[in-house]
Amino acid sequence: MADEERPQILDDIGDFESISMEDAISILGEQTRMKIIVELGKAWDERNHQQQKLRFSELMEAVGVTDSGQFNYHLDKLIGTFVGKSEDGYWLPNPGMRLYRLIVSGTVTERGVREDIDVDDCPSCGGTVWATYRDDNALAFTCKDCATGYAVIPISPRGFTDRTDEEALQAAFRTFYCELRLARQGICPACDGHVEAKLVDDLNERLEALSASGVISSLKCRMCNNYYYSDLSSIALTTDEVRRFLIDGGLEPPLVREWHDVTVAADESVTVVQTDPLRVEITFAVDGETIDATFDSDHRVVSSTRSDE
Ligand SMILES: [Zn+2]
Ligand SMILES: [Zn+2]
């Protein structure tokens, strides 16, 4: 294809090169450079619905530096790696934008301080399931009356901004549901790398507490060590088959939680139908109707049967 026929979106961004991990750390480990990324990330062109490119002097002023030689030195280190340069100014390509988004999510700067949120009745003792925002920016769902730990779900501090407690909980559950669904499909939500799925039945004491059935799901990214250990009912909720069954029964899967009857009963119903490799059947029941779904070790649904079909 001749150059002039190339789609514009291929040439919009210019050239960026791969760099080593050492180079990335050395480029980013400097205050002015990180401020440049933050100021470029903040700049937004409302009218054109795109990033606002900043000229040298605008960017220098936003960063708050007066020595233009020194500023130019730092900016130069970022160009071609984390910052783009074109005739009408400087801007962030995807790698710089990803860094900026991580910073503004609050994940790297803020530690959670929130009042505990009253979430639900505890199915074990009738007490209360509370959501506690831990210092590591994850919500821990526990019953303080019977000391049961139900789930830990990460949420960035921005997840609480301009939301009521219930809206923040919903945001956390919906995000987690999407992440778990992606991970089950073999895609890491953090780095896009390859996630390995395994059914595990030789559980240590800590993992045993996760599962009434004695089998848990392990999803782990080969690239970045992102991992999810989960009971099988939560995994099953992310499949099209179980999701459709629950929606037909009037339930919305992202908001059906680990301690709700429908998932507790499903977790207790897990049957190992084959060992080495493991294959399990799990049954969900809503209003007298059931679905039996069989999972292989890769977390694929190999068969499913509904009582109402
Ligand atoms: Zn309890
Ligand atoms: Zn990953």
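Definitions and limits used
Residues numbered from 1 in each chain as written. Chains lettered and ligands numbered in written order. Predicted model: local features only at pLDDT ≥ 70, side-chain atom pairs only at ≥ 80, totals over all residues. Helix = DSSP H or I, 4+ residues; strand = E, 2+ residues; numbered from the N terminus. Buried ≥ 20, exposed ≤ 12 C-beta atoms within 10 Å, placed from the backbone. Contact = placed C-beta atoms within 7 Å. Pairing = 2+ DSSP bridges. Axes fitted to C-alpha atoms, helices over the stretch in contact; angles between N-to-C directions. UniProt positions renumbered as here; feature names shortened; annotations may be inferred. Core = buried A, V, L, I, M, F, W, Y, C linked by C-beta atoms within 7 Å. Parallel < 35°, antiparallel > 145°, perpendicular 65-115°, else oblique. Nonpolar A, V, L, I, M, F, W, Y, C, P; charged D, E, K, R; others polar.

With an unreviewed UniProt entry as reference, the chain is termed Helix-turn-helix domain-containing protein, source organism Salinirubrum litoreum.

**Q** Can you walk me through the overall build of the chain in this structure?
**A** The number of helices and strands found in the chain is eleven helices and 15 strands. Along the three orthogonal principal directions, the C-alpha set of the chain runs to about 70 × 55 × 40 Å. The buried share of the chain, reckoned over its 309 residues, is 27%. Sequence separation of 24 or more characterises 47% of the internal contacts of the chain that already satisfy a separation of 6 or more.

**Q** Would you explain unusual backbone geometry in this entry?
**A** For residues other than glycine, phi is negative in most cases, and the peptide bonds are mostly trans. The residue after D276, namely P277, is reached through a cis peptide bond having omega -5°. Although it is not a glycine, H49 adopts a positive phi angle of roughly 55°. Position of H49 among the secondary structure elements: in the loop between β1 (44-45) and β2 (50-51). Phi at H299 is positive, roughly 70°, even though this residue is not glycine. Here H299 is to be found in the loop between β14 (289-296) and β15 (301-306). Judged by C-beta crowding, with 22 C-beta atoms within 10 Å, H299 ranks as buried.

**Q** Help me understand the sheet that holds strand β7 (residues 138-143) in this model?
**A** Spatially, four strands are ordered β5-β6-β7-β8 in an open sheet, and the strand pairing comes out antiparallel. Both outer strands of the open sheet, β5 (117-121) and β8 (148-154), are each paired with one neighbouring strand and no more. Here the strands of the sheet are splayed against their neighbours by 25° on average, with no regard to which way each runs. Relative to strand β6 (residues 128-133), β5 is paired through four bridges, and the arrangement is antiparallel. From the neighbouring strand, D120 faces β6, where its bridge partner is V129.

**Q** Just to check I follow, could you spell out the UniProt feature "domain: DUF7347" (unreviewed entry) in the chain for this structure?
**A** UniProt's feature table lists "domain: DUF7347" (unreviewed entry) at residues 22-103, given in the numbering used throughout. As annotated, residues 22-103 comprises 59% helix and 12% strand, and the C-alpha atoms at either end are separated by 20 Å.

**Q** Whenever I open this one, the nonpolar core confuses me. Can you help?
**A** Side chains of a nonpolar character, in soluble globular proteins, are inclined to be buried together. Membership of the largest hydrophobic core comes to 45 residues, with the highest contact counts inside it found for A172, L232, A236, V242 and I282. If you tally residues by element for this core, the top one is helix α7 (residues 165-184), at eight residues. Setting aside its immediate chain neighbours within four residues, A172 contacts L139, I153, I155 and G159. Formed by 15 residues, the second largest nonpolar core is a distinct cluster that contains I36, V63, Y90 and L92.

**Q** Help me out: how do you make sense of the UniProt feature "domain: DUF7351" (unreviewed entry) in the chain in this one?
**A** Residues given the UniProt feature "domain: DUF7351" (unreviewed entry) here are residues 121-301. Across residues 121-301 one finds 26% helix and 32% strand; the C-alpha atoms that close the span lie 32 Å apart.

**Q** I'm lost on the packing of helix α3 (residues 31-42) against helix α6 (residues 94-104) in this one. Help?
**A** Each packed pair of helices is defined by two parameters, the angle between the axes and the distance between the axes. Following both chains from N to C, one finds α3 and α6 inclined at 90°, their axes separated by 9 Å at the closest point. For the element pair α3 / α6, the angle class is roughly perpendicular. Residue-level contacts link I37, V38, L40 and G41 of α3 to G96, M97, L99, Y100, I103 and V104 of α6. Residues belonging to the contact of α3 with α6 are distributed by class as follows: eight nonpolar, two polar and no charged.

**Q** Whenever I open this one, the pairing of strand β13 (residues 279-286) confuses me. Can you help?
**A** Within a regular strand, side chains alternate between the sheet's two faces. Relative to β13, strand β12 (residues 271-274) runs antiparallel, the two sharing three bridges. Note that in β13 the partner of Q274 across the bridge is R279. Taking the residues between adjacent antiparallel strands as the criterion, β12 and β13 are bridged by four residues, where D276 takes a positive phi near 50°. Where β13 meets β14, eight bridges bridge the pair, whose relative direction is antiparallel. Note on β14: the bridge partner recorded for V286 is E289. Taken together, β13 and the strand that follows it, β14, pair antiparallel across an intervening segment of two residues, in which D287 is found at a positive phi of about 50°.

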